Amino acid sequence: MTGWWMVLATLALGTVIGVVKLRRDGRLRESGQSLTAHALGHELGERATLVQFSTAFCQPCRATRRVLAEVSALVPGVSHVEIDAESRLDLVRELDIMRTPTVLVLDGGGAVVKRASGQPRKADVIAALGAFLSHDPDEK
């Protein structure tokens with residue numbers, strides 16, 4: 001009888017972990033880090049930069065690339081930078097990137113205002129940009 005309880009407990013724990021992971025996957029959340037153009041190896045966008053950490057065989061990275069390219073084309077002054085995580089282990093360690101894709105939303109000065117592990121939805125990326133660009137004093 002003890003074995004059944006262990007099986008049920010293991011299944012319950014696995015279910016809870018799976019639900020938590022699904023709820024957090026691709027969600028943009030706050031961050032307090034900052035990056036420079038020199039550290040990225042790319043110029044920052046005038047108003048914002050969408051930084052994507054990817055790997056060669058990451059299937060969700062391809063879809064994320066399309067979403068971020070569409071958003072950067074849609075919103076003036078926003079650029080998209082894709083970084084190969086395997087070739088930039090220095091940044092991966094510094095920013096505590098644990099999986100790909102990971103997306104960082106930087107303001108015009110390079111401060112990380114949002115971050116997502118997993119594939120973000122286009123609407124969430126636009127909302128994250130809108131939240132801080134709507135308060136941008138340089139916005140025309």
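Residues numbered from 1 in each chain as written. Predicted model: local features only at pLDDT ≥ 70, side-chain atom pairs only at ≥ 80, totals over all residues. Heavy atoms only, no water.

**A short note on helix H5 (residues 122–133)**
Helical geometry: 3.6 residues make up each α-helical turn, so side chains three or four residues apart lie on a common side.
Piece 1. Along its 12 residues, H5 runs 16 Å from first to last C-alpha, staying within 8% of the 16 Å computed at 1.5 Å per residue.
Piece 2. The set of residues buried in H5 consists of Val125, Ala128, Leu129, Phe132 and Leu133. Each buried residue of H5 sits inside an arc of 120 degrees when the element is viewed along its axis, so together they form one side.
Piece 3. For H5, the elements touching its buried residues are strand S1 (48–54), helix H3 (59–74), strand S2 (78–84), strand S3 (102–107) and strand S4 (112–117). (Helix = DSSP H or I, 4+ residues; strand = E, 2+ residues; numbered from the N terminus. Expected span 1.5 Å × (residues − 1). Buried < 20%, exposed > 50% of the residue type's maximum accessible area, 1.4 Å probe, protein only. Arc of directions from axis to C-beta. Contact = heavy atoms within 4.5 Å.)

**Concerning H3**
Piece 1. The terminal C-alpha atoms of H3 lie 24 Å apart, and with 16 residues this matches the ideal 22 Å at 1.5 Å per residue to within 8%.
Piece 2. Every buried residue belonging to H3 is among Cys61, Ala63, Thr64, Val67, Leu68, Val71 and Ser72, and all of these are buried. Seen from one end, H3 has its buried residues packed into an arc of 165 degrees, which puts them on one side. Across H3 from its buried face, at more than 90 degrees, point the exposed residues Gln59, Arg66 and Ala73.
Piece 3. The inward-facing, buried residues of H3 contact S1, S2, S3 and H5.

**Points about the packing of H3 against H5**
Piece 1. Look at H3 against H5: their axes get within 10 Å of each other, and the N-to-C directions meet at 40 degrees. In terms of orientation, H3 lies oblique with respect to H5. Relative to H5, H3 is oriented so that their crossing is right-handed. Of the residues in H5, those touching H3 at Val67, Leu68, Glu70, Val71 and Leu74 are Lys122, Val125, Ile126 and Leu129.
Piece 2. Considered class by class, the residues forming the contact of H3 with H5 number 7 nonpolar, no polar and 2 charged. (Axes fitted to C-alpha atoms, helices over the stretch in contact; angles between N-to-C directions. Parallel < 35°, antiparallel > 145°, perpendicular 65-115°, else oblique. Left-handed = near helix turned anticlockwise from the far one by under 90°. Nonpolar A, V, L, I, M, F, W, Y, C, P; charged D, E, K, R; others polar.)

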